[in-house]
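Structural features, examined
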Amino acid sequence: MTPADTGASTVVDAPSAAPAVPDSVDPSDSRMTPGGPGYRRMSFALFLAGVATFALLYSTQALLPLISGDLGVTASDASWTVAAATGGLALFVLPMSALSERFGRRTVMTASLAVAVTVGLLVPFAPSLPALVALRAVQGAALAGLPASATAYLAEEVRPRALVTAIGLFVAGNSVGGMSGRVITGWVAQEWGWRVAVGVIGLVAVACAVAFRLLLPAPRHFTPGSLRPRVLVRTVRDHLANPLLRRLYAIGALFMTVFGGVYTVIGYRLTEAPFSLPQGLIGSIFLVYLVGTVSASTAGRLVGRLGRRGALYLGAGTTAAGLLLSLAPSLPLVLLGLVLITAGFFAGHAVASSAVGKTAQHGRAQASALYQSAYYVGSSAGSTVGAVAFHSGGWAGTVGVGVLAVLGVVVITVSGSLAARRAAGTPVRALSLPR
């Protein structure tokens, strides 16, 4: 498989580029590896950071019907409590990554979590929708220090062959955070309202933030960079000029457009006929995030069997199948559709985000930040467009938006494969999945 197939570098994708000496016994590489010193502490710390990030970022998503009723706003208006948080993250992830290049990954991640959990404790007291949206935007901006810095930390501190697995565990923490946040808020809100529910999530995030700081090993391979704007602009320009990275950024954004739209709107669908579920049960629907935990953490093995291009095709196909299945007026089929959407999304995201860390040869935090920015722009777009489509065309409208985004993933992946074949002077034939 060629590097341009998915945006990964030659070192990542070509078996011939693997080092002759097995990674686990290379005496010259002091970076962490599974089973080695500090690896478990590091994995658990970043897992908890992922839990806190997604629990806070999407703390209002399962509560949108209750927020609509309490504040007297439409589904489209309430969806801004999600879009503002993800939009704030998308806007600030690049500046925060620049700070991490200068002051260190662990320092920036710690400060970001501290601010985010503080704002999280203020969210329940928002007196109106504009105030709630403003607080959520600040919270999202604070959380921007986590995703890119975590990916850069892993790229620097973990051996290359273990990187997909390590990032998969971080993404798995995202899925656990997203799931637990929605399940907890669903049942708490059913008894005590949405304000108490988001307050409980804030307290859970505080515990995760403290444990993260105590567990994460100090970086050993970080070299401080420059905060000069000219250096940052040049680094960003270099990354955006790389067609491999551009494809990965677009793929991340499109996958998240599907996911953001589906999970922003699903609560409204399930409160309506023929389902008419109570808030607690709607929150429990998000237990399907456990599927994402599994698919993200096994992304490394998936890439090993199918290659990155094959893994992306499988993720896109699984997501599309889930979207179409969710159209059925049957709760078991809708749940199965959500399982497939979640599995496909988290697998695709883990594959694409790990490829970014390996492709970038310099300015890894900026490369990861650009991916995260595109990813969360996709989330904001999915939340907003998905809600508008639901308002005008029902669930079928939201599914239509998702299917178009999945087709975009396939088109981008295929175009990368064709470009690689042309660059190599290989005749373009039917594209077979690499082994």
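Look up a bit, the structure's there.
For the structure given in this document, a descriptive report is provided here. (Residues numbered from 1 in each chain as written. Predicted model: local features only at pLDDT ≥ 70, side-chain atom pairs only at ≥ 80, totals over all residues. Heavy atoms only, no water.)

**Digging into empty space enclosed by the protein**
On inspection of all chains with the given rule, the structure shows three cavities of 30 Å³ or more. Of the voids in this model, the largest cavity is the one considered here, and its volume is about 70 Å³. In this structure, the largest cavity is lined by Thr53, Pro147, Thr151, Ile167, Phe170, Val171, Asn174, His349, Ser353, Gln372 and Tyr376. Secondary structure elements with two or more residues in the lining of the largest cavity: helix 8 (147-157), helix 9 (163-192), helix 16 (331-359) and helix 17 (364-424). Here the lining of the largest cavity is built from residues that sort into five nonpolar, six polar and no charged. (1 Å grid on protein atoms, 1.4 Å probe; cavity = no way out; pocket = protein on both sides within 12 Å on 5 of 7 lines; lining within 4 Å. Points joined across faces, edges and corners; volume = space filled by probe spheres on them. Helix = DSSP H or I, 4+ residues; strand = E, 2+ residues; numbered from the N terminus. Nonpolar A, V, L, I, M, F, W, Y, C, P; charged D, E, K, R; others polar.)

**Some thoughts on the environment of Gly292**
For Gly292, the position within the fold is in helix 14 (residues 289-297). Expressed as a C-alpha distance, the spacing of Gly292 and Met179, which sit 113 residues apart in the sequence, is 9.4 Å. Those residues in contact with Gly292 that sit more than four places away from it in its chain are Ser175, Thr342 and Phe346. (Contact = heavy atoms within 4.5 Å.)

**Considering unusual backbone geometry**
Of the consecutive residues Ala273 and Pro274, the connecting peptide bond is found in the cis state with omega at 10 degrees. Residue position: Pro274 is located in the loop between helix 12 (243-271) and helix 13 (279-284). Its identity as a non-glycine residue notwithstanding, Ser276 has a phi of 50 degrees, on the positive side. Along the chain, Ser276 turns up in the loop between helix 12 and helix 13. Judged by its relative accessible area of 48%, Ser276 falls in the partly exposed class. (Buried < 20%, exposed > 50% of the residue type's maximum accessible area, 1.4 Å probe, protein only.)

**A look at the pattern of salt bridges**
Tallied over the entire structure, the rule returns two salt bridges. Measuring nitrogen to oxygen at the nearest pair gives 3.8 Å for the salt bridge that ties Asp70 to Arg195. In this pair, Asp70 sits in helix 3 (residues 64-71) while Arg195 sits in helix 10 (residues 194-215), placing the two residues 125 residues apart along the sequence. Taking the relative accessible area as the measure of exposure, Asp70 reaches 45% and is therefore partly exposed. Residue class for Arg195 comes out partly exposed when judged on its relative accessible area of 26%. In this structure, the salt-bridge partner of Arg105 is Glu156, at a minimum N-O distance of 2.3 Å. You can see Arg105 sitting in helix 6 (residues 105-122) and its partner Glu156 sitting in helix 8, a full 51 residues away along the chain. Comparing Arg105 with Glu156 shows no difference in burial state: the two are buried. (Salt bridge = Lys/Arg side-chain N within 4 Å of Asp/Glu carboxyl O.)

**A few points about the packing of aromatic side chains**
Per the stated rule, a full pass over the model turns up ten aromatic pairs. Note on Phe44 and Phe47: the rings are 6.4 Å apart at their centroids and 15 degrees apart in plane angle, and the pair reads as stacked. Linking Phe44 with Phe47, this pair stays in helix 2 (residues 39-57), spanning three residues, or about one helical turn. Judged by relative accessible area, Phe44 falls into the partly exposed class, the value being 44%. Geometrically, the ring pair formed by Tyr371 and Tyr375 is stacked, given 6.0 Å between the ring centres and 20 degrees between the ring planes. Here Tyr371 and its partner Tyr375 are both found in helix 17, four residues apart, which amounts to about one turn of the helix. Pair check on accessibility: Tyr371 and Tyr375 agree, each one buried. (Phe/Tyr/Trp six-rings, centres within 6.5 Å; stacked < 30°, edge-to-face > 60°.)

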